[in-house]
Amino acid sequence: MASTLMKYVTTVLLGAVALMPLTGLLCADAVWMDGSAPAINIGATWGVPWPAGSTPKDAAFALRDSSGKSIPVQTWTTAWWPDGSIKWTAHAVPAGIAIDNNLKVVHGAPAVPEKSITVRETAANVEIDTGVMRCFVEKSGRVLISKITRAGNPVLSNGRLVAISSKTPELGGAADIFQSRITGVTIEQRGPVRATVKIEGYHADANREWLPFTLRLYFYAGGETLRIMHSFVFDGDAEKDFIRGLGVRFEVPMTDLMHDRHVRYVGEGRGLWAEAIRGLTGLRRDPDAKNKGNPVKDAQIAGLACPPVETFNPQVSERLQYIPAWGDSTLSQLSANGFTIRKRTKAGHGWIDVDQGGRASGVGYIGGAKGGGIVFGLRDFWQRHPSQLDIRNAHTDAAEVTIWLYSPEAPAMDLRFYHDGMGMDTFEKQYKGGLEITYEDYEPGFGDAHGIARTSEIYLWALAATPSRDAIVDMAALVRDPARLVCPPARILAANVFGNVWSLPDRSTPGKSAIEDRLKWQVDYYKNQIDQRHWYGFWNYGDVMHSYDRDRHVWKYDIGGNAWDNSELSTDLWLWYYYLRTGRADVFRLAEAMTRHTGEVDTYHLGRFAGLGTRHNVQHWGCSAKQVRISTAAYRRIYYYLTADERVGDLMRELLDVDKKFNDVDPARKLGDASPLGDYDARVSFGIDWANLAAAWLTEWERGGDMKYRDKLLRGMRDWGNMPLGFFTSDRYGYRIADGSIEPLSLRGKLTAENKPISVSHLDSMFGAVEIFSELIQLTEGRPEYEGFKKAWLQYCVLYSAPKEERIAALGVNFKNGALVQAHSRLLAYAAKMSGDNKLAARAWEKFAVTDYPGYSGDWAKVVLATERIKGPTILNPVDEAKWVGTNLSAQWGLSAIQCLALVGDKMEK
């Protein structure tokens, strides 16, 4: 830690200069992730880390661009080091100003935006004024946003949520319609640069409240854009509650003449369908006969106001009422590769096909050339099909817009478990039978979707006039891939956060270059597989598949525990650490989509399994193994600190008391040899269970939350350090919820020569334990818990992969293991780094060279990083195949490669 601190000189002189970087440290604290500033700046937020002891807790921050010019900024602290100094800050910059690609955070008074945000609260509502638009958020009732105005003119009203459900998934069933009902509104930030409002409630009708929701509204100073994060939880009965539509609905006042009202839908890329509600082109008579050139038609095509009607050709102006006004339109994306646009004059009349395309951007507009309107967009529109955009009644005084997160034109959302048990009428058949043949851990009642969630990202622009064609496609590009300011990899590494287990890419030797090549190849392969295999859909997008079927040339999408990966063996961490070291924008978005998915869909947020995640399965919620190894904060915290995302912050806090679920849903309940609990509350393993409690508690400690979780964390560290044989003392441990204390359970006898040896789980360190323990050891140096915990962990790191003789010498007995040898090489690398033992470093590289992939043996470097093109009647669609790839070992190889390079890269011999 001391060497890292030397990289900074921190000087606080009455709020003046501070954080002066030394030679060799990248100066930028923020760059645009895609390499250059976006065409439209709607405001941005990002996180910046600080080395331990370098930044006092009361520090004030200013922002400078590459020329030294002050940029308005709002700052808040998201994490502290144990000594009270700042560890992470979050920063927000205003909308509508030019921001270059090399920003520096310094100590000092921040500049104030030209148009600061103001927030006013009354008993009835909250008013947020960005200086460009005003938004009125209601505190009760069904309407969430009563209106948005620009220059005093209303452009949006009656904003609310809508859900449609039925009691059957079949067509023709009676539908129930629910609208939002507010239960609480919280102002989370008040500006001056950024304001955030959280709205909570339910979808309700006269008889029922269900589908709890949380909406966060984000505003930036000078902004005309409202960003909405929409989260809901499915709390229904999957056997009889079938969601047929789920959306956000609002109205847009229409004051312009019919031919000056415009509708827009952005297709793929910069493709655009743009028309007037009443079109004046293509008519039998030319509206421009009395005008020079084509001012009427040109204006309408451009989205501008047409000249006065009295200047039209009378043959047109006198017959305007005979030209159809197309009040309704729809863009529906029912699959990843196809969308359709239709329009009609009004309800009760037939639809007209407009056109079709591949992957729509999910962005539309309705409004007038003078009266203004709303651009609306749904991120990941085609990736999370079925989705839809509806405009209705645009020929009246108020057009109605619905952004359908789940399209009512698609089959009903069917969350029922996918099979009936197939004769598995006994516990033995459910557990071992399924595992032996389909790798599925089945148990009646456990494949339940009750409690899973989904978060969607929506953008609204409040505009004074119809945007130009170029402007709206620029907005669509931002909705598809939101512009982000990010802290560069070198700057994050210098702050020594996220442990000492990663480094920047290094191609200084042929061996290191080979590893870097494969690291890149693996990520690129999965990125391509996501697209080629169409791993898309409302509940699926963000996840990848677990195992590959070489015979069918498909991933095992229909075979028990071999289908969706659900974070098995830390896929999330692999992507995040690879992003940390490379800064690649496409990798960030892969990891972001996975974080959104695994933290929402693969995890329960209420009900019987609240706080637990679900092991890999054909359905994300299907497996009966409900464990914190999937829901773990270890997979969320990197994204949280990089972005300050409040929703992910909420997800991690949901896990703080998940230990209360351990006895209700004991992970070891099916082993058949569990000893009585006695006066303990639950059984835990050190890695799959406790390490992931530690991840949530550590994050809460850093965030300055309830310190009882810090105390439980430290109590656990102390107890692990006091175990007679460290992490080898037992394979299950007795755990008390009240204080987090841990003691050995005599499950099959303690590991001594006098008792039967136990097996050491090859999975214990594979779900974030390595990464979290490296941080715990770093953070607790000097505390009484430090030495014992560090000693126990280093012993485990060494002995897991040690020869039999070394194990017996240290423990008095050997133990069974051997799986995931290559994955455990990074434990040896960590022990080598911490002890300075070059023999351990050599052993780490020796174990890293062991190939774990089926069908291959010897040096992993001989595995050819190439794919075979499969096409024709062998498969439905052409794909690029690498038969040897599986996600478990891809993730673990990636993490081991990254960590061995960081920890013992200088000890690589070949």
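For the structure, check the block above.
Residues numbered from 1 in each chain as written. Predicted model: local features only at pLDDT ≥ 70, side-chain atom pairs only at ≥ 80, totals over all residues. Heavy atoms only, no water.

Caption draft 1: Region of interest: the overall build of the protein. Broken down by element type, the protein carries 20 helices and 39 strands. Taking 910 residues into account, the globule formula puts the C-alpha radius of gyration at 29 Å, and the protein, at 29 Å, falls close to it. The proportion of buried residues among the 910 residues of the protein is 61%. Within the protein, residue pairs in contact and separated by at least 24 positions form 67% of the contacts whose partners lie at least 6 positions apart. (Helix = DSSP H or I, 4+ residues; strand = E, 2+ residues; numbered from the N terminus. Rg over C-alpha atoms; globule rule 2.2 N^0.38 Å. Buried < 20%, exposed > 50% of the residue type's maximum accessible area, 1.4 Å probe, protein only. Contact = heavy atoms within 4.5 Å.)

Caption draft 2: Region of interest: helix α13 (residues 686-702). The buried count for α13 comes to 17 of 17 residues, which makes it a mostly enclosed element. The residue sitting at the N-terminus of α13 and contributing the capping side-chain oxygen is S685; that oxygen lies 3.3 Å from the backbone nitrogen of I688. One or two residues past the end of α13 sits G704, with phi positive at roughly 75 degrees. (Polar contact = N/O pair within 3.5 Å; in protein donor to acceptor, adjacent residues only side chain to side chain.)

Caption draft 3: Molecular detail of the layout of surface pockets. In this structure, the largest pocket occupies an estimated 960 Å³ of space. Y431, L671, I688, S761 and L763 are, among the 35 residues lining the largest pocket, the residues nearest its centre. For the lining of the largest pocket, the secondary-structure elements that each account for two or more residues are α4 (427-438), β34 (626-627) and α13. Taken together, the residues of the lining of the largest pocket sort by class into 12 nonpolar, eight polar and 15 charged. (1 Å grid on protein atoms, 1.4 Å probe; cavity = no way out; pocket = protein on both sides within 12 Å on 5 of 7 lines; lining within 4 Å. Points joined across faces, edges and corners; volume = space filled by probe spheres on them. Nonpolar A, V, L, I, M, F, W, Y, C, P; charged D, E, K, R; others polar.)

Caption draft 4: Structural context of the nonpolar core. Ranked by size, the top nonpolar core spans 236 residues in total, and within it I366, W690, F773 and W793 carry the most contacts. In this structure W690 touches S685, W697, L713, G716, M717, W720, I742, F773, L776 and F789, once residues within four positions along its chain are discounted. V266, W461, I472 and V473 belong to the second-largest nonpolar core, a separate cluster that totals 14 residues. (Core = buried A, V, L, I, M, F, W, Y, C linked by side-chain atoms within 4.5 Å.)

Caption draft 5: Quick peek at the packing of aromatic side chains. Overall, the coordinates contain 55 aromatic pairs when judged by the stated rule. A ring pair is formed by Y406 and F538, whose centres lie 5.8 Å apart and whose planes are at 90 degrees; its orientation type is edge-to-face. In this pair, Y406 sits in strand β28 (residues 398-406) while F538 sits in the loop between α7 (510-532) and β31 (548-549), placing the two residues 132 residues apart along the sequence. Note on Y406: relative accessible area 8%, which makes it buried. Measuring from ring centre to ring centre gives 5.5 Å for Y526 and W574, while their planes differ by 80 degrees; the resulting arrangement is edge-to-face. Residue Y526 is located in helix α7, and its partner W574 is located in helix α8 (residues 571-582); the two are separated by 48 residues in the primary sequence. (Phe/Tyr/Trp six-rings, centres within 6.5 Å; stacked < 30°, edge-to-face > 60°.)

Caption draft 6: Region of the structure containing the pairing of strand β18 (residues 225-233). For β18, the buried fraction is high: nine of the nine residues fall into the buried class. Going residue by residue along β18, you find T225, R227, M229, S231 and V233 tucked away on one face and L226, I228, H230 and F232 tucked away on the opposite face as well. With six bridges connecting them, strand β17 (residues 209-220) and β18 associate as antiparallel partners. Note on β18: the bridge partner recorded for R216 is M229. In this antiparallel pair of consecutive strands, β17 and β18, the connection spans four residues, and G222 shows a positive phi of 75 degrees. (Pairing = 2+ DSSP bridges.)

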